[in-house]
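One letter stands for each residue in the lines below.
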Amino acid sequence: MNQKALSLYIRLHCPWVLGPYSIADIGVRHQYAGAESASGSLDEGKSLFLEATQHVYAPLFAVLDRVIAAQSTLQITFSISGPFLQQALRWDRSLIDKIRAYVASGYAIITAEADAHSLAFFYDRAEFVMQVAKHEQCIAQYFGTQPRVFQVAELAYDDQLAAWVDAAGYSVILADQYQQVDPRFLHRPARTQAVRLLMRDRQASQQLMAHISGSASGLSGMEFAAQYANSFNPRQQVSGLFIDAISLQETDSQPNWRFLAEFLAAWPSYGRYITPLDAAEQFTPREEVRTAKTSTWLVNGDLRSLIGNDLQKEFLHQLYDIKASVQDSGDPQLQEDWRLLQSVDIVKAMDDATHNSAPPHEAFLRAMNSLQDIVLRSQHDTTQDRTIREV
């Protein structure tokens, strides 16, 4: 058996977009993101999703279909975020049908994660557990499968999270490459019994994404497959190649789908496809990995761009501080709207290094005004003074 093993991960995500929401809207309008306007025109969130479907998801699935038709060994690990699933159910159910077909045919598995695409694990453990349970219920309902591989938004990872995942009975947790740990081995998280750790092969994944996005050139997909295979040493077990599909929507040029198709079709000449579950069953963990801090696959490798500045800290503090009143309201729609604001994309927009249509302080005000409206709705009183504390 050829021991060069590739574990292909594809993240399917489309962030909720908070539209303009001023103090004048508080207590009057309760739609913060992802809804059609009264005139029936497309709002920014729906437009972005349909554009992403046209330019990224539809051609990506077409590539996967061609590769599967040509050779039946492809194995895919899909991460399907709660925001992506909710928007696909609302605006393009054909995407759900396509993924379900991959799963039913044995070509794909799906990871478990927090439904709100949130950092709730680090703020409210009970809320996090509820979100994970909801995501699993949705995956079972729409795709007919029970996830055994776990991840958190932005591949956030630390020892405490790994311990929780182990206790919850998952087989594998995914993370970004951590410091100098070799990502081409399966590892054992510290203070765990059975769960295994598979890391993103950062350099190889970045090279693959660069070629697909068009920011790198000079190699065909077949040549890249040969180069990638030659980068393995004889002892290495498995390489996790991660594709962040939605980031391809942010590039200036059209994605190079031919490159991806050539690479995926060529790989069986050099190695094999496996899922993280296969890796956990076939390989012995190389070493125990202990983390000194929470890691992510973001540019700085940690949580700084998500919870690092005063705007983000203030918003997150107030967001989780109102949980009791939201839960006590007994209003399912109110609770869903509160969880929408937990998405990491909402707080990421408040970071200066994030390139968004609205500047960080405007993103903060939109989120805080939305949060103030949720507070008023939880109190069943939309007549009080509309006030918001600014940082």
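Scroll up to find the structure this text is about.
Being a predicted model, the structure only gives us computed values, none of them experimental.

Calculation criteria
- Residues numbered from 1 in each chain as written.
- Predicted model: local features only at pLDDT ≥ 70, side-chain atom pairs only at ≥ 80, totals over all residues.
- Heavy atoms only, no water.
- Axes fitted to C-alpha atoms, helices over the stretch in contact; angles between N-to-C directions.
- Helix = DSSP H or I, 4+ residues; strand = E, 2+ residues; numbered from the N terminus.
- Parallel < 35°, antiparallel > 145°, perpendicular 65-115°, else oblique.
- Left-handed = near helix turned anticlockwise from the far one by under 90°.
- Contact = heavy atoms within 4.5 Å.
- Nonpolar A, V, L, I, M, F, W, Y, C, P; charged D, E, K, R; others polar.
- 1 Å grid on protein atoms, 1.4 Å probe; cavity = no way out; pocket = protein on both sides within 12 Å on 5 of 7 lines; lining within 4 Å.
- Points joined across faces, edges and corners; volume = space filled by probe spheres on them.
- Disulfide = S-S within 2.5 Å.
- Buried < 20%, exposed > 50% of the residue type's maximum accessible area, 1.4 Å probe, protein only.
- Pairing = 2+ DSSP bridges.
- Salt bridge = Lys/Arg side-chain N within 4 Å of Asp/Glu carboxyl O.
- Polar contact = N/O pair within 3.5 Å; in protein donor to acceptor, adjacent residues only side chain to side chain.
- Phe/Tyr/Trp six-rings, centres within 6.5 Å; stacked < 30°, edge-to-face > 60°.
- Lys NZ or Arg CZ within 6 Å of the ring centre and 35° of its normal.
- Core = buried A, V, L, I, M, F, W, Y, C linked by side-chain atoms within 4.5 Å.

A. Highlighting the packing of helix H7 (residues 221-230) against helix H8 (residues 257-266). Two numbers describe how H7 lies on H8: the axes approach to 7 Å, and their chain directions differ by 45°. One finds that H7 runs oblique with respect to H8. In this structure, H7 crosses over H8, and the sense of that crossing is right-handed. Listed contacts from H8 to Gly221, Met222, Phe224, Ala225 and Tyr228 of H7 are Phe259, Glu262, Phe263 and Ala266. Considered class by class, the residues forming the contact of H7 with H8 number seven nonpolar, one polar and one charged.

B. Structural context of the layout of surface pockets. Its boundaries defined by the atoms lining it, the second largest pocket holds a volume of some 440 Å³. Contributing to the lining of the second largest pocket are 20 residues, with Gln86, Arg90, Gln333, Asp337 and Leu340 lying nearest its centre. Every element with two or more residues in the lining of the second largest pocket is listed here: helix H2 (82-91), helix H4 (125-143) and helix H13 (332-340). Broken down by element, the residue count for the lining of the second largest pocket peaks at five residues, all from H13. By residue class, the composition of the lining of the second largest pocket is nine nonpolar, five polar and six charged.

C. Main features of the state of the cysteines. For the structure shown, the criterion picks out zero disulfides. For cysteine 14, which is in no disulfide, the shortest distance to another cysteine sulfur is to cysteine 138 and amounts to 17 Å. According to the relative accessible area criterion, cysteine 138 is buried, its value standing at 14%.

D. Inspection of the sheet that holds strand E4 (residues 149-150) at higher detail. Read from one edge of the open sheet, three strands run E4-E5-E7, paired in parallel fashion. Whereas interior strands pair on both sides, the edge strands pair on one side only; in this sheet they are E4 and strand E7 (196-199). Bridging between E4 and strand E5 (residues 172-175) involves two bridges; their strand directions are parallel. Bridged to phenylalanine 150 within E5 is isoleucine 173.

E. Expanded view of the pattern of salt bridges. Applying the stated criterion across every chain yields a total of 20 salt bridges. The partner of glutamate 336 in a salt bridge is arginine 339, and the shortest N-O contact between them spans 4.0 Å. With glutamate 336 and arginine 339 both in helix H13, this residue pair falls three residues apart, about one helical turn. On the basis of relative accessible area, arginine 339 is assigned to the buried category, the value being 9%. In this structure, the salt-bridge partner of aspartate 337 is arginine 377, at a minimum N-O distance of 2.9 Å. Of this pair, aspartate 337 sits in helix H13 while arginine 377 sits in helix H15 (residues 360-378); the two residues are 40 residues apart in sequence, bridging distant segments of the chain. The pair formed by aspartate 337 and arginine 377 is uniform in burial state, with each residue classed as buried. Among the charged side chains, a network of salt bridges with common partners joins Asp115, Glu127, Lys134, Glu336 and Arg339.

F. Broad picture of empty space enclosed by the protein. Overall, the coordinates contain one cavity of 30 Å³ or more when judged by the stated rule. Of the voids in this model, the largest cavity is the one considered here, and its volume is about 30 Å³. Taken together, Leu119, Leu316, Tyr320, Gln342, Val344 and Val347 make up the full set of residues lining the largest cavity. Of all the secondary-structure elements, those providing two or more residues to the lining of the largest cavity are helix H11 (310-321) and helix H14 (344-348). Of the residues in the lining of the largest cavity, the class split is five nonpolar, one polar and no charged.

G. Structural view of the side chain of aspartate 176. Assignment of secondary structure puts aspartate 176 in the loop between E5 and strand E6 (188-189). The exposure class assigned to aspartate 176 is buried, which follows from its relative accessible area of 2%. Here the side chain of aspartate 176 touches arginine 202 through a polar contact of 3.2 Å, side chain to side chain. Those residues within four positions of aspartate 176 in sequence are excluded, and the remaining contacts are Leu155, Met199, Arg200, Arg202, Thr296 and Trp297.

H. Up close: the packing of aromatic side chains. Evaluated as defined, the whole model comprises 27 aromatic pairs. Judged by centre distance (6.2 Å) and plane angle (35°), the ring pair of phenylalanine 232 and tryptophan 267 falls under tilted. Of the two residues, phenylalanine 232 sits in the loop between H7 and strand E8 (238-244) while tryptophan 267 sits in the loop between H8 and strand E9 (272-273), which places them 35 residues apart along the sequence. Each residue in the set Phe121, Phe122, Phe128, Phe150, Trp164 and Tyr170 is aromatic and connected to the rest through ring pairs, giving one cluster. Here the guanidinium or amino end of arginine 90 rests over the ring plane of tryptophan 91, the centre of that ring lying 5.3 Å away. Over the ring of phenylalanine 185 we find arginine 286, and its NZ or CZ is 4.3 Å from the ring centre.

I. Up close: the nonpolar core. Ile10, Leu12, Phe78, Phe128, Phe150 and Phe315 are the most contacted members of the largest nonpolar core, which has 134 residues in total. Examining the composition of this core, we find that 10 residues originate from one element, helix H1 (residues 44-70), more than from any other. In contact with phenylalanine 78, not counting residues within four places along its chain, are Ile10, Leu12, Phe61, Leu64, Ile99, Tyr102, Ala108, Ile109, Ile110 and Thr111.

Functional significance is not addressed by these values, which are geometric in nature.
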